[in-house]
Each structure stands twice: as structure tokens, then as C-alpha cells.
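Per-entry structural report
Each chain is listed here by its residues.
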Amino acid sequence: LAEDILMYDAALIEEMGGDALCGGMTDDEVLDACWLRGLPVGRFVNVGGSVRSGIHRREEEMQEMRIALSNHLGMMKVLMPECRPLP
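Just so it is clear, the model here is predicted, and its values are computed rather than measured. (Residues numbered from 1 in each chain as written. Predicted model: local features only at pLDDT ≥ 70, side-chain atom pairs only at ≥ 80, totals over all residues. Heavy atoms only, no water.)

It is worth spelling out the pattern of salt bridges at this point. Side-chain pairing between opposite charges can occur once the charged atoms of the two side chains come close. In the structure shown here, the tally under the stated rule is two salt bridges. Two residues, Arg-37 and Asp-9, come together in a salt bridge whose shortest N-O distance is 2.6 Å. Remark: Asp-9 occurs in helix H1 (residues 2–16) and Arg-37 occurs in helix H2 (residues 27–37); sequence separation between them is 28 residues. Measuring nitrogen to oxygen at the nearest pair gives 2.8 Å for the salt bridge that ties Arg-66 to Asp-27. (Salt bridge = Lys/Arg side-chain N within 4 Å of Asp/Glu carboxyl O. Helix = DSSP H or I, 4+ residues; strand = E, 2+ residues; numbered from the N terminus.)

What follows is the structure, encoded as C-alpha cells:
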């Protein structure tokens, strides 16, 4: 599983290029990627709030997940020199 995650990380790093917050990924892709790596995935529940506040909270959680995944990929890029683009 660890090797699969490393290969997936390398593919995402190459695919994303300079995309800072994984903007080219859908919410479901970000959720799956975070879950697979044990990164925060948010709650995605609406407890005692209006529909509007629930949607706003989901957007905030998605942004947090994108930041966490972006940070993870940034660290992996440093650790995996073969993922760096050629000059």
C-alpha cells in the first residue's frame, strides 16, 4: 500500500505541476486522496445549522483538505527528487 501511495504521489506531483491548491482535482478526488493518506477529511455534516451554514462549512473543509493535500505533496516533492521537473 505504501508503494502505491508513493506512486500516486509521484503521479499527482507530475500532473499538478505548479497548481498550488490541487485546483485541478474534483472535491471527490481530493477527499479520496486525503483519506488514503490519513490527512484530515472534515466532518461533512450539518449539526444544528441552516443549509447555508452547512454548505459554507463544507467549502471551508474542502479548502482545508486541499491545503493539507497540497502541503503533503510539497513535502513529498522534496523527498522524491525524481518528481522534480527537468530544467
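The subject of this paragraph is unusual backbone geometry. One non-glycine residue, Cys-22, lies in the positive phi region at around 55°. With respect to the helices and strands, the residue Cys-22 is situated in the loop between H1 and H2.

Attention now moves to the confidence of the model for the chain. Looking at the chain, pLDDT values average 79 and 78% of them are 70 or higher. Across the chain, H2 holds the top mean pLDDT of 91, while helix H3 (residues 51–79) sits lowest at 83. (pLDDT = per-residue confidence, 0-100.)

There is a patch of nonpolar side chains on the surface, built from Leu-1, Tyr-8, Trp-35 and Leu-36 and spanning about 470 Å² of accessible area. With respect to the helices, strands and loops of the structure, Leu-36 is situated in helix H2. (Patch = residues over 30% accessible without salt bridge, like charges linked within 9 Å, V, L, I, M, F, W, Y side chains within 5 Å. Areas by Shrake-Rupley, 256 points an atom, 1.4 Å probe, with all protein chains shown as cover.)

Side chains of Glu-14, Glu-15, Asp-28, Glu-29 and Asp-32 sit close together on the surface and give a patch of like negative charge. For the negative patch, the elements supplying multiple residues, two or more each, are H1 and H2. With three residues, H2 is the single largest residue contributor to the negative patch. The residue Glu-14 is located in helix H1 in this model. (Lys, Arg positive; Asp, Glu negative; His and termini not counted. Charge placed at Lys NZ, Arg CZ, Asp CG, Glu CD.)

Right, let's get into the environment of Arg-57. Within the element layout of this structure, Arg-57 appears in helix H3. Since its relative accessible area comes to 28%, Arg-57 is described here as partly exposed. Separated by 15 residues in sequence, Arg-57 and Gly-42 have C-alpha atoms that sit 9.3 Å apart. (Buried < 20%, exposed > 50% of the residue type's maximum accessible area, 1.4 Å probe, protein only.)

Between H1 and H2, the shortest axis-to-axis distance is 11 Å and the interhelical angle comes to 140°. The interaxial crossing formed by H1 with H2 has left-handed handedness. Across the interface between the two elements, Ile-5, Tyr-8, Asp-9 and Leu-12 from H1 touch Ala-33, Leu-36 and Arg-37 from H2. Tallied by class, the residues present in the contact of H1 with H2 amount to five nonpolar, no polar and two charged. (Axes fitted to C-alpha atoms, helices over the stretch in contact; angles between N-to-C directions. Left-handed = near helix turned anticlockwise from the far one by under 90°. Contact = heavy atoms within 4.5 Å. Nonpolar A, V, L, I, M, F, W, Y, C, P; charged D, E, K, R; others polar.)

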